[in-house]
Each structure stands twice: as structure tokens, then as C-alpha cells.
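What follows is each chain in one-letter form.
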Amino acid sequence: MLEPAYQADVVIVGAGVAGLSAAHRLTSQGVTVAVLEAAPCVGGRMSTEKVDGFRLDRIGQLLSTAYPELRLAPGLDGLVLRPFAPGVLLHGDGRHHRVDAPAGARSARGALHAVRALASAPRGMPGPRLVAAPRRAASRRATFRVLPGAGQGTASRAARAGAPLGGAVDQARLGAALTRFATVPVERLLARPELPAVQSLAARGLPARTIDGFLRPLLAALLCDPALTTSSRCADLALRAFAGGRLCVPEGGAEALPELLAQTLPTATVHTGVRVTSVSTTSVTTAEHGEIRCRAVLLATDARAAAELLPGLRVPDFHPVTVLHHTTDEPPRTGSALLLDADRGGPVAHTAVISEVDPSRAPSGRALISSTVLGTPPPDLETAVRTHLGRLYGTPTHRWETLAVHHTREAVPAMPAPHDLRRPVRLLAGLYVCGDHRDTSTVQGALHSAHRATTAILKDLGVAGSMHRADPLPTTRAA
């Protein structure tokens, strides 16, 4: 009996970073792959709008140079990451306070030097000096470059005990805690008792002022979860990445990462504008081209689209995110810092002069300020955000031009406790699923879930390369 002809070994549904990364891992093993994407372009939620020379991210999740999969995932050798200034900049009690991550410090004394609260002069005066230096990845297989930010500001170095971190002793305790996060093995973090992150913080032995003024706004920014209902294990992983790396963004916008993955795949691997209507272990059916036969199917869509194709799959709750982009010819003097509100006195969770971090995102002579609102936005969003940004930056904002307001209701999958950080990626032999909803709801989680899924696929196929070179795929637009 003749073996049936397959048009691809594996069909991947969805061309976000998880699906594209999975395609790279499979093709590198000689497996033939077809990636089908319903949208006209790749990237999923990692999309960037172009407006008059500006590059405006729709969600703009923060990345970290400590994400292991950014080094391990094939296809990302050419990725350029632009780092924020080390640590973060806190606004509290009308002043700016800089907090540095431990930068590899391994002792309480080193941590005391690594974590500093720096208060600026009164509002309207120059902000803190932030020097963004590249950090080399420890791995020999580093697959990205970290470039310095531009346009650093100036600052006073007068520290004060009333800063959000408290006094010198409190700062040393925080530094020691961050150092432990940077060095503790992941397995130990995941073995700790699981609580909602907000409850877990209280058990850290840190002062309430440090928790409320620094850790809560930082974790809200990293997790897109203002209430911190996220599992403490996920929060610990986020703090570990913050302590062990640099917060950063892809040069050119969030879309640069999936576009790079798509461009470095074999020709005609990715097919956009193809809507999948049903899946099985040996085929997918599309609205445009009928049935495509294969040996395995990998669903790499968002959680809701995956559940529509496979009823019964869990659909998590989501954190809504709103990103506002403004421009001005007189940028605030905070350099390339990520600015958090220690007082939580308005709708903005975090903001940055993103053109100082990545100059390619704005035309020459213009500054791009990108600000993120978490949760349900207030009815008077534009007015409330401008007022809040005026306080945070210490400068009038009424003349700033609004470029775009992007509201994404289902931006980030929620990870409440208890949360399974390794949800199964193998549903049946021949049917698999990956995405940030199967891991942690970060770019690292999406890439890691793809890693797990392709490992399972290759094991089940039991081959080092393709067994089928039969019928060609229907002609579609290649990304």
C-alpha cells in the first residue's frame, strides 16, 4: 500500500513569535514546514504601526536581555536590542529616584553599591544622569546585540531617606534580595510555595515602603498586572530577569522580532492571508485552499483562536493594555530611563522617551514618548494621561501631539495563582499547541513554549529530517 502524500511534515497555524520560532527549530532539523497566518502580515500581537516616520508599538511588552530564549532560539542572530538605562527611574514625592539592578553583585556589600536611590532637584530641573552601556550575554551562543541608548540627561546625586526605597539599610536589603533573585536557580524559584504576587511580596521581609514604592510598580510594568494577582512564581521569574539583565526593546519596533524570524526561514515557508477553519492530527482545512495534508499540526495562535479550532482548550482571562504615543520637539530630560510612578497617582503605569532608547522609532528632531496604561482605561483617558505625564516628567504636556492610542482588550494572558508554567504542549500524537498562554505570558514564555512543542514533535516523528517530498502547497503569498 502506498504511503499517503503529504504537502508538509508539519503545518503550523499562526505566525507569531511562537509559531515562527517553532518553524525555525523544525526546519533546522530538516523537517518541512508550512506556517499559515490568517492576517496579512506576521507578528500577531507584536505589531508596530508606522505614522509619519514614527514606529508605534501596539502593546510594547518589555523584554530583558536575561531571557534565555533570546540567546537560544534559532533565527535571532541578527536581532538588535536597545536597552533602557540600567534599572528604572521612580517618581515619588515630587522627585525622581534612580534604582539600579545589582549588575552581578554577589554580596550584601556589593548590593549596597548596586542599588541606589537618587533624588533629583525639584521638578523642572534636570533629571538623573543615566548611562546605558551594553551588557554582553554570558553565553557563548549570544544571538543578539545590545546597543547603548542615546541622549542621557543630567542629575543631582543628593540621596535622601524619604525616597521610595527608604534609607541606606532598606536599600541594602533590597539590593541583597535582587542579587539573590539574579543568582538563584530557576528550579528553586519554581519550588517555592505559590501565592498571588501581592501576598508574596509581604513575605519577603522588605519594608512596606520598598514594596509599595518600588516592587509593586515594577512588577505591574513587567507583568502588565496592576493588581498583582499573578502567580508569585511568575513574578519571581520576572524579578530574576530584571535583576540579571537589562530591560530592552527591539530596534525598529516590536515587529522587528517576528519579521526577522520570518525573513530567515526558508523561502515560501510562511503563507499569510490563509485562514484555517479546522485541524486534525494529519491535516488542516483552509478557507482559501481547502485541505493541506501533513504529519503533524502545531497550533501557535493566541489562546482564544486556538480554542475556536479545538473546543475544550482553556481560554485564560486577559490583562487589557492601552499604549499612548506622543511627540514633541522638546523631550523631557529623563534620557533613556523607564519611568515608573512610585505614588501610583494616575493612570500611567510606566512611560519612557522611547526615541532616546531607540532613535530609529522617531524622525530626526522629534521625540517619541510612549506610555502604558494597565487595566480598564478611564473615560477621560487623554486628559488624565497628559496630566499624569506632566507630573511624572515635571514638564508641561499640553503642546504634545498625540500620534496614536492603541487599546488591546486581550493583550496579555493572565497568570493567576495557581498557574501551570508548563501547560502541556502535546495534546495528541500529531496535534500540538504553543504560545504564551501555555507558559508565561512573556516573549520568553512564547519562545520557550515553542521550544517545548518542537521537542515533542521531533520525538514523536522519530526522524532527523523530512520523509515526504510530495505535492506542493497551494500558491499563497509568502511573507
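Structure's up top.
Keep in mind it's a predicted model, so treat the numbers as computed, not measured.

Rules behind the numbers
Residues numbered from 1 in each chain as written. Predicted model: local features only at pLDDT ≥ 70, side-chain atom pairs only at ≥ 80, totals over all residues. Heavy atoms only, no water. Helix = DSSP H or I, 4+ residues; strand = E, 2+ residues; numbered from the N terminus. Buried < 20%, exposed > 50% of the residue type's maximum accessible area, 1.4 Å probe, protein only. Contact = heavy atoms within 4.5 Å. Areas by Shrake-Rupley, 256 points an atom, 1.4 Å probe, with all protein chains shown as cover. Pairing = 2+ DSSP bridges. Axes fitted to C-alpha atoms, helices over the stretch in contact; angles between N-to-C directions. Parallel < 35°, antiparallel > 145°, perpendicular 65-115°, else oblique. Nonpolar A, V, L, I, M, F, W, Y, C, P; charged D, E, K, R; others polar.

1. Observations regarding the overall build of the protein
Then comes step 1: In terms of regular secondary structure, the protein is built from 13 helices and 23 strands.
Then comes step 2: The proportion of buried residues among the 479 residues of the protein is 57%.
Then comes step 3: Excluding contacts between residues fewer than 6 apart, the proportion of contacts in the protein whose partners are at least 24 apart in sequence is 75%.
Then comes step 4: Taken as a whole, the protein presents about 19,100 Å² of accessible surface, with 52% of it coming from carbon and sulfur.

2. Looking at the pairing of strand β18 (residues 348–353)
Then comes step 1: Of all six residues making up β18, six are buried, and the element is well covered by its neighbours.
Then comes step 2: Here strand β17 (residues 339–341) folds back onto β18 in antiparallel fashion, the turn holding six residues, of which Arg344 has a positive phi close to 50 degrees.

3. What about the environment of Gly166?
Then comes step 1: Tracing the backbone shows Gly166 in the loop between β10 (144–146) and α4 (168–183).
Then comes step 2: It is 6.6 Å that separates the C-alpha atoms of Gly166 and Arg209, two residues lying 43 residues apart in sequence.

4. Observations concerning the packing of helix α7 (residues 208–223) against helix α8 (residues 232–244)
Then comes step 1: Following both chains from N to C, one finds α7 and α8 inclined at 95 degrees, their axes separated by 10 Å at the closest point. As far as their axial angle goes, α8 and α7 are roughly perpendicular. Touching Phe214, Leu215, Leu218, Leu219, Leu222 and Leu223 of α7 are Cys234, Ala235, Ala238, Leu239 and Phe242, all from α8.
Then comes step 2: For the contact of α7 with α8, the residue count by class is 11 nonpolar, no polar and no charged.

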